[in-house]
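Secondary and tertiary structure notes
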Amino acid sequence: MKPGFKSNFKFLLFAFVLITTACVKDTISQLEGINSVEVNPQLSIPLVNDKMTIKDLYKTYASQANIIEGSDKFLSFLFESGDTLPQKQFITIPPVAIAYNMNMDQNAINAFNALGTLSNSITNNAPFTATNKERLKKIGVKIGNISVSISSAFKHNLSLKITYPSITKNGVALVDNINLNYTGTSPIVVNKTLDLVGYDIDMTTGTNGYNEIPYKLDFTLTKIAGSTTSLSDQLQINENVNIVDYSYIQGYLGKFTVIDVSSSQAFEIFRRESDGNVFIRNPRIIHKLNNNITAPITAKISNLSIETGNGSSYPVNVNLYKDTFTLAYPNINQKGQLIYSEYKIDSSNSNIATVFSRAPQSFFYSLNFIANYNENVNEDNYLTDNNKFYVTTDVELPIEIKILDYTVRDTGALSMTAIDNNLVLDWAKVTGSFQNYFPISSTLQFYFIKDDTINGVRSFKYIDSLYAEQISIPSGTVDANGKVFLPSSVINNTIMTGERYANLCKTANKYVLLAKMHTAEYLGNYQWVKVYSDQTLSFKLGVEVKGTYKAKLK
Amino acid sequence: MFKKKLITYFIFAGISINLFAQGDLTLYQLRNLNQSSYLNPAFFSDYNTSLGLPVFSGIAVGVQLSGFDLNTVFNSRTSDSLVNLGNFYSAINSKFFGAKLFQQTDLFHFRQQFGHYQIGLNIGTKTNCNALISKEFIGFAANGNAAFAGQNMSFDGNDIQVSSYVETGLSVAREFERFTVGARVKLLNGIANVSSSGFAMNYQTGAISTDPTIVTLGGTMNSCGLPYLQDSINGVKNQDSTFNFSNIKPFSNVGVAFDFGATYRVSPRFNIHASVIDLGSIKWTSHVYNYNLNSVNITYAGLSYNQINDSATKQQYTDSLKNLIRTKSSNNAYSTPLTTKIIFGAEYDVTFRDRLGLLIQFQYFSGTFFPSYTFSYNRKVGTNWDIAANYSYYNNSFSNLGIGTSVKWGAFQMYIIQDDILMYINPNDMRTAYLRFGCNMVWGQHRPRPRF
C-alpha cells in the first residue's frame, strides 16, 4: 500500500470519526432537550341523554309528586289530606233518678199490728230527662251503675226486692234484694252500688216508648214484738241509674257535632313561582267520606281559601246552598256498615277555577259535620263507642292548563373546578338538543352570580350568563283538544372560552336558573292544553372542547 | 432475453409500501462468513470448516423505525421544545408507524464440507420485537375525535409481536456443476412471547356532540412466560402477578422452521440465487395466558339524570361498562409464525475481485410483504480481506448505505457489518441501525474465485 494512501486514509478516517461524533452528539443533545409532549385535541363527547315526563319534572320540584293517571293517560295533580274520627262518646246521659217514699196510714198500721206483716208491690217508670230532645230507646252500658240509697224508719224488719225488668244481662232482668232488719236503731240506712257493666237498658217499655226505665218494688214488713209503728215512719228509696259510657245507644240522640275538620295543603308545584298567570281548567275539591254512624249527618263548609305567594288570601266561594251537603249513612237495619259518599266542589258550584288561577301556595279548608241537623225526633239513631268516620279532602288539579307567563327560578350554590395548570382550555362548546312533546314552551337562561352586599343588604351580583340570548324550547304542536300530536325539535349551542371559564371559576359562587313558560299558541292565542303521561321532554347535552395539554416527560 | 426478463422482474418485484425490512443486507454479500448461510443454506463457503465459539461468533442488534425518523420528532417541536403530537402525526408518511428491535446471538456453530456436501449445525438466540401502530391512532390522540366528526375511524392493523427463542439448526447443502441447493431444519425453543392478533378498533364520532359515540373493540393478546395481568382466571384468584424466571420453560414451547435455498450459475460471471428463510412457527404451551375481547360494541349517548346524581346507579353503570370491556382470560396454547423472508439475488463478477449484485428481499409480517432493494459492490482485497458496500431502498428511505468487512487472520475470521452507515453522519434521518460483528474460526482449503 502506498504511503500517501495510508496517510490519506488515516486523515479520512479521523475526519469521519470527528464528523460522526459531532452529528451524533448533536442528535443526542436535541433528544435531551425534549422535556414534554403537547397535544391540541378537539374532543366531542355526549354528556347527558335523558327524557323526562311531567312526573319526573314535578319530582325535581316537589316531594309530594302525587299525580294520577286516567285510563286515557291524562294526568291530574292530586293533593290529599284527611281526618279520622277518634273514638268518642257523642252523647252524655245524665243520671236517671228513681225515688220512692212509703208511709203507713192508721188503717194500715192497725192491719199490720193485727197481722204482724205487711206486703205490697209497686210498679213505676223512672224518666230520663232529655236536654237535647233525645228519645233514648236502648243503651248498652259500657261503664255504669245504679247508686242505691235506702232509709227505713220502721222499727220492724223490712224485706225489699227491686226489680228492673228492662235492665237485663243475657236476657235476665236485674233484681236487687235488700233486707233492712231493725236492731234497735232507726232509721236503718242501706247505701250500695249496683254495677251495670254489660247490661242492656231498654227504655221503650214505659208508657212513652222512650226515655223511661221501669222498675218494680216488692216489700214485706214484718212486725217485731214490742216495737211500735207510727204514722211518721217512712221508707225512702233514692236511686240513680248512672250510665257513664255506652257501648251502643239507640234512639233519637239530638243534634250533636260529629267532627270539625280543619286542614291545609301546600301546593309545591307553585312553590318557586315568581310571577305568572296559570289557569287550570277544571280544578275540583272532592270531599270523600266513609261513615258508619246511623244518623243523618250534614256537612257544612265553613272555610275554603287559598294563599298566594305574596301572602294574600282568596276564598273559594261556594254557591248559595251548595256549601252544605248531607252524607249517606247506614239506616238502623244497616247499623255498623261503612257507607261511602262524596261531595264535589267545582266550577259548577263555586269560583274555584278563578281562585286557583292565582297560583296558590297553600289551600285551607274547614268542614263541620253535625248529626241530626234538622232535629227530626222521629229519627232512629244508632251510635257505638267505636264509630268509624273518615273524611278525605282531595284537591284535583287536572293538568288541562293555560299558562300565559309562568316563571320559575331556581338558585343554588355553584362550584366550578379550575382547570389544571397543564391544561389550557381554548374553548368549550355546549350543544343542547331538545325534543319536546309537552304542550309548553319555555325560554331558559342560566346565570352565574356572586353573593354581594348592596347598601348593607345581602344581595347578589350578576357575573355572566351561559347563553348570549335566552334559549327557546318551543312546545309541541297541539290539536283542537289541546293534545300534542307533533313534537318540536331544537338544537342550540353556546361557546365558552377558556378565559371566560377561568374568570367564572374565580368569581361566581351561585347560579340562577330562570325558566319562563307558556302553553302552546294557536293563531297568536294561548290554548288550553292537556298533559298526558306519555308526553316527554327529551334532551341531550354534548360538549366539544378544544385545548392544549402538556405532559412532562421528565 | 430470458435473463434480461428475469433481471427486470427482480428489480421491479414488490408492490407493497416499505415498512420493515430486516437488516442482513450486507451480510448476504460476505459469502465467506458462515453467517451468510443463515440467509441461504445453499451458500458454500470458500473454507472447508467453520467454527463459532459462544457469543464471540456473532452478535447482531438492530433497530428500525417505520413511518418516521428522528427528524419527524424534531420537526414537530414547538418553539419551546415541546413535541407537538399533531405535528408529529402530520409528518408520519405512511398508514402505520412503528419500531422493530431485534437481537441475535450465535451461541455455537460448526460447518464442514464433505466433498460436494456441506453440513452445518448452529445454535443461537433470537429476540424480535415488532410493534405497529396505526397512524390514525396517533391522529386520534393528537387531534381528538372531533376532527373526525361524522366519520368512522378504524384503527385496525395495530400489532405487537415480541418473541424470544433458541434456534438449533441443522443444514445440508449440495453443490452440483452449476447450481447448489440447501436446506436447514431448525428446532425452536420459545423463551417468552407477547403477541396480539385480530386487534380491531373502530371509533365512530357523531356529527354533532349530542350524537352517540360508537366504539367497537376486539382482539386477543397472548403471552407466554410472563405474569398474569388480571385478578383471577377461571374463577381462581391470581397467584401469578410477578415475573419469575422459573416460568421460562423453553423446552415446553417447541417449534419447527425450515430454510430453503438454491443458487445457479447462469454463466461463469453471472449467478442468481433465491431462498426462503424462517418458514415455521412456535407453539407456546408453558405458562401461557390469553386475553380475549370478543368484538364488543359500545354505544355511548350520554348519561341519564339518575346516572349522574345517584351514586348507586352511577356505580352500576360504570361496573357494567367495565364488565363489557373486561377481557376473558384463559390459558390455552397458541402458535406464532416466524417472520418469513423471501430473498432473490443476482450477481455479476466484473473481475475476479469485483462483484456487483442486486438483492431483493421480501419480509412477511402482519399479513403484508415488505420489500427492500439493494445494489451491492464487493471487493476482494488480497486473499483474506473482503469489503462490501451497498446502497438500498427500503422503509420508504433512499438513504441507506451499508458497509461491511471480513478479515481472516490465521484461523480467525473477524467481521463487522453496518447496514446504515449514514446514521453516523445524519442521525436525524436514521430509520435503521444495524450492527453485526463477530469472530469465527475457519480452516480448510481456500477455494479461490475463478479469475476473469
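The numbering scheme is per chain: residues are counted from 1 as the chain's sequence reads. Written order decides the labels, with chains lettered from A and ligands numbered from 1. Two thresholds apply to this predicted model, a pLDDT of at least 70 for residue-level local features and 80 or more for giving and counting side-chain atom pairs, whereas whole-chain, interface and lining totals are computed over all residues.

We now examine the overall build of chain A. For chain A, the helix and strand inventory stands at five helices and 36 strands. Our exposure labels follow a C-beta count within 10 Å of each residue's own C-beta, placed from the backbone: buried means 20 or more other C-beta atoms, exposed means 12 or fewer, and partly exposed covers the counts in between. In chain A, which comprises 554 residues, the share counted as buried stands at 29%. The numbering of helices and of strands both runs from the N terminus, where a helix is a DSSP run of H or I of at least 4 residues and a strand a run of E of at least 2.

Within chain B one finds seven helices and 23 strands. Relative to its full complement of 452 residues, chain B shows a buried share of 37%. Note that contacts rest on C-beta atoms placed from the backbone: two residues are in contact if these are within 7 Å. Pairs at least 24 apart in sequence give 67% of the contacts found in chain B among residues at least 6 apart.

Bringing the interface of chain B and chain A into the picture now. Counting from both sides, the interface comprises 37 residues of chain B and, opposite them, 32 residues of chain A. Listing elements by their share of the side of chain B that touches chain A, those giving two or more residues are helix 2 (70–75), strand 3 (82–84), helix 3 (85–91), helix 4 (135–143) and helix 7 (422–425) of chain B. Classification convention: Asp, Glu, Lys, Arg as charged; Ala, Val, Leu, Ile, Met, Phe, Trp, Tyr, Cys, Pro as nonpolar; all other residues, Gly among them, as polar. Residues belonging to the side of chain B that touches chain A are distributed by class as follows: 19 nonpolar, 16 polar and two charged.

Moving on: the nonpolar core. For this entry, the nonpolar core is defined as buried Ala, Val, Leu, Ile, Met, Phe, Trp, Tyr and Cys residues connected by C-beta atoms within 7 Å. Within the largest apolar cluster, 91 residues are counted, with the highest numbers of intra-cluster contacts made by Ile213, Ile293 and Ile297 of chain A. Sorting elements by how many residues they give to this core places strand 13 (residues 234–252) of chain A first, with seven residues. Judged by nonpolar contacts, the second largest core, of 16 residues, contains Ile360, Ala388, Tyr415 and Ile417 of chain B.

Okay, the sheet that holds strand 3 (residues 67–69) of chain A next. Strand pairing in a sheet relies on backbone hydrogen bonds. The paired strands run either parallel or antiparallel. Residue and element names in this part refer to chain A. Note on pairing: DSSP must find at least two bridges between two strands before they are called paired. Strands sit in the order 3-4-23-16-20 across an open sheet of five strands; the sheet is antiparallel. The sheet is open, and its two edges are formed by strand 3 and strand 20 (339–345), each paired on a single side. The average angle at which neighbouring strand axes cross in this sheet is 30°, direction not considered. Angular values range over 0 to 180 degrees, each being the angle between N-to-C directions of two axes fitted as lines to C-alpha atoms, with helices fitted over their stretch in contact.

Taking 1.5 Å of rise per residue, 15 residues should cover 21 Å, and helix 6 (residues 311–325) of chain B covers 21 Å from first to last C-alpha, within 8% of that figure. Counting buried residues in helix 6 of chain B gives zero out of 15 residues, a small share hidden from the surface. Take the number of residues in a helix, subtract one, and multiply by 1.5 Å to get its expected span.

Time to look at the pairing of strand 7 (residues 135–152) of chain A. Residues and elements named next belong to chain A. By the bridge criterion, 16 bridges tie strand 7 to strand 13 in an arrangement that is antiparallel. Bridge pairing links Gly140 to Tyr248 in strand 13. Two strands pair when backbone bridges link them, and strand 7 and strand 11 (residues 200–202) are joined in this way by three bridges, in the antiparallel orientation. Looking at strand 11, one finds that Gly140 is bridged to Asp200. Across eight bridges, strand 7 lies against strand 10 (residues 188–195) in antiparallel orientation.

Attention now moves to the confidence of the model for chain A. Per-residue confidence for chain A gives a mean pLDDT of 87; residues scoring 70 or more make up 93%. Across the chain, each position has a pLDDT score giving the predictor's confidence in that residue, from 0 to 100. Highest mean pLDDT in chain A belongs to strand 11 of chain A (96); lowest belongs to strand 15 (residues 273–280) of chain A (62).

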